[in-house]
Amino acid sequence: MFKRARIAAKSAARRTTFARRVLAALLAASLLPVAASSVEARDPLLAYGARIVGDDARTRIVIDFDREPRFSVHYIANPERIVVDLPATAFGFPAKDLAARGLFKDIRYGKMDEESARIVLTTAGPVKLALAKVQADEAGKGHRLVLDAELIDKRAFAELVKTQSWSDRGDAAQTTSAIPAPEKAAPGDFVIAVDAGHGGIDTGAIGVDTKTEEKQVTLAFAKALTDRLNKEPGIKAFLTREDDEFLSLSQRVLIARQNHAGLFISLHADTLKQKDIRGATVYTISDKASDKLAADLAERENLSDQIAGKETVAEPPEVADILLDLTRRETQAFSISLAESVLNSFKDQVGTINNPHRHAGFRVLQAPDVPSILLEIGFLSNAEDEKLLLDEAWRGKIAGLLTDAVKRYRAAVMANGG
């Protein structure tokens, strides 16, 4: 009996050794043609810990990574920010561990695209990094990025901005070829760009109860609306972003125009200080805000690029005036018509705030030749709205009502020779 047991054990051991050799060979074969950059792209860095200490004269940030990160540092003015660019990174530490303090009044971090991530440190004044280095963890748990910031004068900060070799890539250098055009769009199809607000490093608002990020809510609604619209004959809808990726405001407009969209619908779910306010709102563009609520919301939404650490290039006043004038003359009436159609669909079906059609200077609505609306589906600052925003059935209902609104709008445009 013991002899049979020994023979069986030896046989099992031989099978195990053979299996291990086969597995090792397969792994080696599969890894041979893969470049290091490809491995890194499939396996992002993990930032598993963070801490911040210091005061308003000197502040230190330490971030722990599972392996050595490559990074670069740049400075942006108006307002003063320090931008730290990283390869693709998963941020796995609690947000409270890197809450702004000392020299920093706001800290954001997140995905920029499939291959990169970014940390944006908005400072309370002109600041420079006296130290920015990566060092191995003493316990062998990976590497840590150490950033030591110190206060400097405005002239020194301006010199940092002026002399750095990096410059923001800008929208012109970023192609939109990765954004798919509407599938099987045929001549005469009515093309609609559905824009999920925020994304990537720009999380947007945060839910009052569940802490759900606005960028997740808007993407879920955008996908539901696009799917519903694409069930209608003669209508082809597409997403400006299909995943958790940052797009600048001007990129969103450019994507709509390059795909010859006949409508642009930007979806949002913001927060307000007044937590009792709830319901949907539809916004169209105007050089003068209809009220303070609209003005404040436009100001916050227009900061999206700053949040992501992009250097905002202001248009000359005369160019801005021309853009607004073109929008007003060519598309504003159509945008208003779409807004009214949406609100007619919502009537007795979806709650809206008082005066639900409002207007302000939203940069994301500035396409001069694409009728555009910004739809606040509800407010994440209101607990009841938040429940609805996270409800899949309600999401489907909104998608259906918006589709009805688009069909009525299209029929009116076609009847008028559009």
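Predicted model only: the values in this text are computed from it and were never measured. (Residues numbered from 1 in each chain as written. Predicted model: local features only at pLDDT ≥ 70, side-chain atom pairs only at ≥ 80, totals over all residues. Heavy atoms only, no water.)

A.B. asks: Pulling in residues and values, what's your account of the overall build of the protein chain?
C.D. replies: The secondary structure content of the protein chain amounts to 10 helices and 15 strands. A total of 418 residues make up the protein chain; the buried ones form 45% of that total. Of the contacts made within the protein chain by residues no fewer than 6 positions apart, 76% connect residues no fewer than 24 positions apart. Carbon and sulfur atoms make up 54% of the accessible area of the protein chain, which totals about 21300 Å². (Helix = DSSP H or I, 4+ residues; strand = E, 2+ residues; numbered from the N terminus. Buried < 20%, exposed > 50% of the residue type's maximum accessible area, 1.4 Å probe, protein only. Contact = heavy atoms within 4.5 Å. Areas by Shrake-Rupley, 256 points an atom, 1.4 Å probe, with all protein chains shown as cover.)

A.B. asks: So what about the pairing of strand β3 (residues 72–76)? Which residues, and what values?
C.D. replies: As paired elements, β3 and strand β4 (residues 81–87) share five bridges and run antiparallel to each other. Within β4, the residue paired with Ile76 across the bridge is Arg81. Hairpin remark: β3 followed by β4, antiparallel, with four residues in the connecting loop; positive phi at Asn78, about 55°. (Pairing = 2+ DSSP bridges.)

A.B. asks: Just give me the short version of the nonpolar core, but keep the residues and values in it.
C.D. replies: Grouped together as the largest cluster of nonpolar side chains are 39 residues, with contacts concentrated most on Ile192, Val194, Leu267 and Phe346. Contributing elements (two or more residues each) for this core: β10 (190–196), α4 (214–229), β11 (235–239), β12 (263–268), β13 (280–285), α8 (317–346), β15 (372–376) and α10 (392–415). When residues of this core are assigned to their parent elements, the largest contribution, eight residues, is made by α10. Core analysis: the second largest hydrophobic core is formed by 26 residues, Leu45, Leu86, Leu103 and Leu145 among them. (Core = buried A, V, L, I, M, F, W, Y, C linked by side-chain atoms within 4.5 Å.)

A.B. asks: Tell me about the environment of Ala222, and name the residues and values.
C.D. replies: If you trace the backbone, Ala222 turns up in helix α4. Overall, the relative accessible area of 0% leaves Ala222 in the buried class. For the pair Ala222 and Ile265, spaced 43 residues apart in the sequence, the C-alpha separation amounts to 9.1 Å. Those residues in contact with Ala222 that sit more than four places away from it in its chain are Val194, Ala196, Leu239 and Leu267.

A.B. asks: Talk me through unusual backbone geometry; I want residue IDs and the actual numbers.
C.D. replies: Residues other than glycine predominantly adopt negative phi, and peptide bonds predominantly adopt the trans conformation. Here Asn78 and Pro79 are connected by a cis peptide whose omega angle stands at -5°. With respect to the element layout, Pro79 can be found in the loop between β3 and β4. One non-glycine residue with positive phi stands out, namely Asp348, at about 65°. Residue position: Asp348 is located in the loop between α8 and β14 (352–360). Owing to a relative accessible area of 75%, Asp348 belongs among the exposed residues under this scheme.

A.B. asks: Before we move on, could you go through the confidence of the model for the protein chain and cite the residues and values that matter?
C.D. replies: Residue-level pLDDT values for the protein chain average 84, and 80% of them are 70 or greater. Within the protein chain, helix α1 (residues 2–31) has the poorest average pLDDT of any element, 38, and α4 the best, 98. The low-confidence segment residues 1–41, where pLDDT is below 50, has five contacts with residues more than four positions distant or belonging to other chains. With pLDDT under 50 throughout, residues 167–178 is counted as low confidence; its partners more than four residues away or in other chains account for 13 contacts. (pLDDT = per-residue confidence, 0-100.)

A.B. asks: If you had to explain the sheet that holds β4 to someone new, which residues and values would you point to?
C.D. replies: Ordered in space as β3-β4-β7-β6, the four strands form an open sheet in which the pairing is antiparallel. What marks the edges here is a single partner per strand, and that holds for β3 and β6 (104–113). Across the sheet, the mean angle separating the axes of adjacent strands is 20° when strand polarity is ignored. Here β6 runs beside strand β7 (residues 116–123); their pairing, made up of eight bridges, is antiparallel. Across the sheet, the residue bridging to Ile107 is Leu121, located in β7. Contacting β3 and β4, helix α3 (residues 154–163) runs over the sheet at an angle of about 120° to β3. (Axes fitted to C-alpha atoms, helices over the stretch in contact; angles between N-to-C directions.)

A.B. asks: A description of the environment of Ala220 should follow, citing residues and the corresponding values.
C.D. replies: Mapped onto the elements, Ala220 comes out in helix α4. Residue Ala220 is classed as partly exposed on the basis of its relative accessible area, which comes to 24%. Along the backbone, Ala220 and Leu389 are 169 residues apart, and their C-alpha atoms lie at a distance of 9.5 Å.

A.B. asks: Go over the sheet that holds β15, please, and point to the residues and values.
C.D. replies: If you walk across this open sheet you meet the six strands as β11-β10-β12-β15-β13-β14, and the pairing is mixed. At either end of the open sheet lies a strand with only one pairing partner, and these are β11 and β14. On average, each strand axis in the sheet is tilted by 20° relative to the strand beside it, whichever way the strands run. The sheet contact formed by β13 and β15 spans three bridges and is antiparallel.

A.B. asks: So what about the side chain of Ser341? Which residues, and what values?
C.D. replies: Position of Ser341 among the secondary structure elements: in helix α8. According to the relative accessible area criterion, Ser341 is buried, its value standing at 7%. When residues no more than four places from it in sequence are discounted, the contact partners of Ser341 are Ala405, Arg408 and Tyr409.

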